[in-house]
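Below are the chains, spelled out letter by letter.
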Amino acid sequence: MLLCIDCGNTNTVFSIWDGQQFLGTWRTSTEWQRTADQYYVWLSTLMRISNLDVAIDDVIISSTVPRVVFNLRVLCDRYWNTRPLVVGKPDCLLPVAPRVDAGTQIGPDRLVNTAGAYERHGGNLVVVDFGTATTFDVVDDDGAYVGGVIAPGVNLSLEALHQAAAALPHVDVTKPQQVIGTNTVACMQSGIFWGYVGLVRGICERIRIERGRDMPIIGTGGLAPLFATGDVLFDKVEDDLTMHGLTIIHRYNKDNT
């Protein structure tokens, strides 16, 4: 059994892969202070509630928050007697090396999304990931990550708007019934929703023009299904793309080490 851990700036996701399918997926807030023991109590309790009695053999981690990796390593060593693969570290091989400026540090989540998208959809595509940041990852014909775009995330933009303007409230991200809002909340929801629809469409179109070719757009992340309802933004929405990418990278390392 493979435990896949995707640690983002806001949430950390744990999924158990049996080689054919994910048996369970659980999410918690990302906190670097959380100890290995706390992780284990939380995860083992949820596994028991899900009637999932399995032994973890291997672990692979993708983390955009370096400070949490130490306690995750301790978790793997103490409770499963295994040394995890950590995406982005020298001992974790990638199916295809990225082609970017020398010395560039690429977010592990972007490398994982690239691997997952290439395995499912082939090359020459763009992955749009709605996370703490909204990222655009360009995947070349051979599956290499060749660059992309980073924009503020949807919830981050809403929070900044609320903090910078005292009169503006917190609002939920939702698709408004019409573009022109007739109250403050509706105006904010329209600005965020349709603003990001325009952002995604505009950036993807510029990427296609710059690359000189048509490119499928793959949406992922928690808000991707919502924004897919606003316009024809994506050719496909994948809710487990990052986790799938982790299984691909783990399998590649098993086959080549």
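Structure: above.
Residues numbered from 1 in each chain as written. Predicted model: local features only at pLDDT ≥ 70, side-chain atom pairs only at ≥ 80, totals over all residues. Heavy atoms only, no water.

Trainee: Before we go on, may I ask you to explain the sheet that holds strand β8 (residues 145-152) in this structure?
Mentor: Pairing between the strands of a sheet comes from backbone hydrogen bonds, and it takes one of two forms, parallel or antiparallel. Spatially, five strands are ordered β8-β7-β6-β9-β10 in an open sheet, and the strand pairing comes out mixed. Both edges of this open sheet fall to β8 and β10 (236-238), since each of them pairs with a single strand only. Between one strand axis and the next, the sheet turns by 20° as a mean value, whatever way the strands run. Sheet analysis places strand β6 (residues 125-130) next to strand β7 (residues 133-139), joined by six bridges and oriented antiparallel. If you follow Val-128 over to β7, its bridge partner there is Phe-136. Across the face of the sheet, helix α5 (residues 184-211) comes into contact with β6, β7, β8 and β9 (217-221) while running at roughly 20° to β7. (Pairing = 2+ DSSP bridges. Helix = DSSP H or I, 4+ residues; strand = E, 2+ residues; numbered from the N terminus. Axes fitted to C-alpha atoms, helices over the stretch in contact; angles between N-to-C directions. Contact = heavy atoms within 4.5 Å.)

Trainee: When you look at the pairing of β8 in this model, what are you seeing that I'm missing?
Mentor: Successive residues of a regular strand alternate their side chains across the two faces of the sheet. With six bridges joining them, β7 and β8 adopt antiparallel strand pairing. Considered in β8, the bridge of Val-139 is made with Tyr-145. From the end of β7 to the start of β8, which pair antiparallel, there are five residues, and Gly-143 there has a positive phi angle of about 95°.

Trainee: Help me understand the pattern of salt bridges, please; the structure alone is not making it clear to me.
Mentor: Note that side chains of opposite charge can pair when their charged atoms are close. Following the criterion strictly, the structure yields 12 salt bridges and no others. A salt bridge links Arg-34 to Glu-31, with the shortest nitrogen-to-oxygen separation between them at 3.7 Å. Residue classification places Arg-34 among the buried positions, given a relative accessible area of 15%. Taking relative accessible area as the criterion, Glu-31 reaches 36% and is therefore assigned partly exposed. Between Arg-213 and Asp-141 there is a salt bridge, with its nearest N and O atoms 3.0 Å apart. Residue Arg-213 is found in the loop between α5 and β9, and its partner Asp-141 is found in the loop between β7 and β8; the two are separated by 72 residues along the sequence. Given the relative accessible area of 46%, Asp-141 is considered partly exposed. Overlapping salt bridges bring together Arg-99, Asp-140, Asp-142 and Arg-211 as one network. (Salt bridge = Lys/Arg side-chain N within 4 Å of Asp/Glu carboxyl O. Buried < 20%, exposed > 50% of the residue type's maximum accessible area, 1.4 Å probe, protein only.)

Trainee: Explain the environment of Thr-25 here, please?
Mentor: Its location among the elements puts Thr-25 in strand β3 (residues 22-29). Classification of Thr-25 as partly exposed rests on a relative accessible area of 46%. Along the primary structure Thr-25 and Phe-14 are separated by 11 residues, whereas in three dimensions their C-alpha atoms are 5.6 Å apart. Not counting residues within four places of it along the chain, the set of residues in contact with Thr-25 comprises Val-13, Phe-14 and Ser-15.

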